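# Geometric and topological summary
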Amino acid sequence: MIPRRRALVLGLALGVLTLSWPAAAQEDPAWGLLRAGTQVLLVRHAATDMSQRDQGGVPLSDCSRQRNLTDAGRADARKIREPFRLRAIPVGRVLSSAYCRCLDTARLAFGEPIAWLPLQSSESDPVVQAEGTAAIHRIAGTVPTGGNLVLVTHQFTIRAVTGVDVAEGEMLVLSPHGDGTFEILGRMAPEDLPVP
């Protein structure tokens, strides 16, 4: 397995690059693109308590009946905000699955999110999942205005959209082509970012 912390190292799938926090003189070009505010961040929610299970048939607003962030997960989500601020990375819209773990990750890392149905995983309904995946492809392939677009979701959804498996809290940087398609520019995890 290739360590995530090394800069510009080929990832396990699709040749994805790992974004690190190099010195300014060696800065990865992906950070410059993020600074321009024209990229899409596809984020898996931060670390959760795997002993908890989501209960079906209850409102998603009831956090007590679903898997939630751990203290470490909340800390990881907070790690993202300050480095983005210090690098002057503009964040525009923040869209999230309505599950509490995703909304909490989005809120702690990027600001107040808007729940967006396509970001909710639907492994049990392939038609719904296919429609959601298509909607995510369309938005991720459109160049955002007003700052980078943030999409906070689940492992299954990220795999369906990109074919890449990511750890909890890990982010893929997508570079939209403007025609509904995108390329995966890089990936980063909270531990790749400096503690302010």
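Above this text you will find the structure in question.
Since we're looking at a predicted model, the values are computed, not measured.

### Considering the sheet that holds strand 2 (residues 91–96)
Spatially, the six strands line up as an open sheet ordered 3-2-4-1-5-6, and their pairing is mixed. Both outer strands of the open sheet, strand 3 (114–115) and strand 6 (182–188), are each paired with one neighbouring strand and no more. Relative to the sheet, helix 5 (residues 155–162) contacts strand 1 (40–44), strand 4 (148–153), strand 5 (171–176) and strand 6, its axis offset from that of strand 1 by approximately 140 degrees.

### Comments concerning the pairing of strand 1
Of all five residues that make up strand 1, five are buried, and the element is covered over most of its length. Both faces of strand 1 are covered, namely the face carrying V40, L42 and R44 and the face carrying L41 and V43. As judged from the five bridges shared by strand 1 and strand 4, these two strands associate in the parallel manner. Of the residues in strand 4, the one forming a bridge with L42 is L151.

### Some points on the state of the cysteines
One pass over the structure, following the stated rule, counts one disulfide. The disulfide bridge from C63 ends at C100, spanning 2.0 Å between sulfur atoms. Here C63 and C100 share a disulfide; its torsion about the S-S bond, -85 degrees, makes the bridge left-handed. Remark: C100 occurs in helix 3 (residues 100–109) and C63 occurs in the loop between strand 1 and helix 2 (71–86); sequence separation between them is 37 residues. Residue C63 is classed as partly exposed on the basis of its relative accessible area, which comes to 31%. What makes C100 buried here is its relative accessible area of 4%. C102 takes part in no disulfide bond, and the closest cysteine sulfur to it belongs to C100, at a distance of 9.4 Å.

Here is what the cut-offs are and how they apply
Residue indices begin from 1 for each chain and proceed along its sequence in written order. Per-residue local features of the predicted model are confined to residues with pLDDT of at least 70, and side-chain atom pairs are confined, for both listing and counting, to 80 or more; whole-chain, interface and lining totals are unaffected and use all residues. Values shown for side chains rest on all heavy atoms present in the structure; no hydrogens or waters enter the calculation. At least two DSSP bridges between two strands are needed for those strands to be called paired. What counts as a helix is a DSSP run of H or I of at least four residues, what counts as a strand is a run of E of at least two, and both are numbered from the N terminus. By definition, residues are in contact when any of their heavy atoms lie within 4.5 Å. Lines fitted to the C-alpha atoms define the axes, with helices restricted to the stretch that makes contact. Angles between their N-to-C directions range from 0 to 180 degrees. For every residue, the accessible area obtained with a 1.4 Å probe (protein chains only) is divided by the maximum for its type, and the residue is called buried under 20%, exposed over 50%, and partly exposed between those limits. Working definition: a disulfide is two cysteine sulfur atoms within 2.5 Å of each other.

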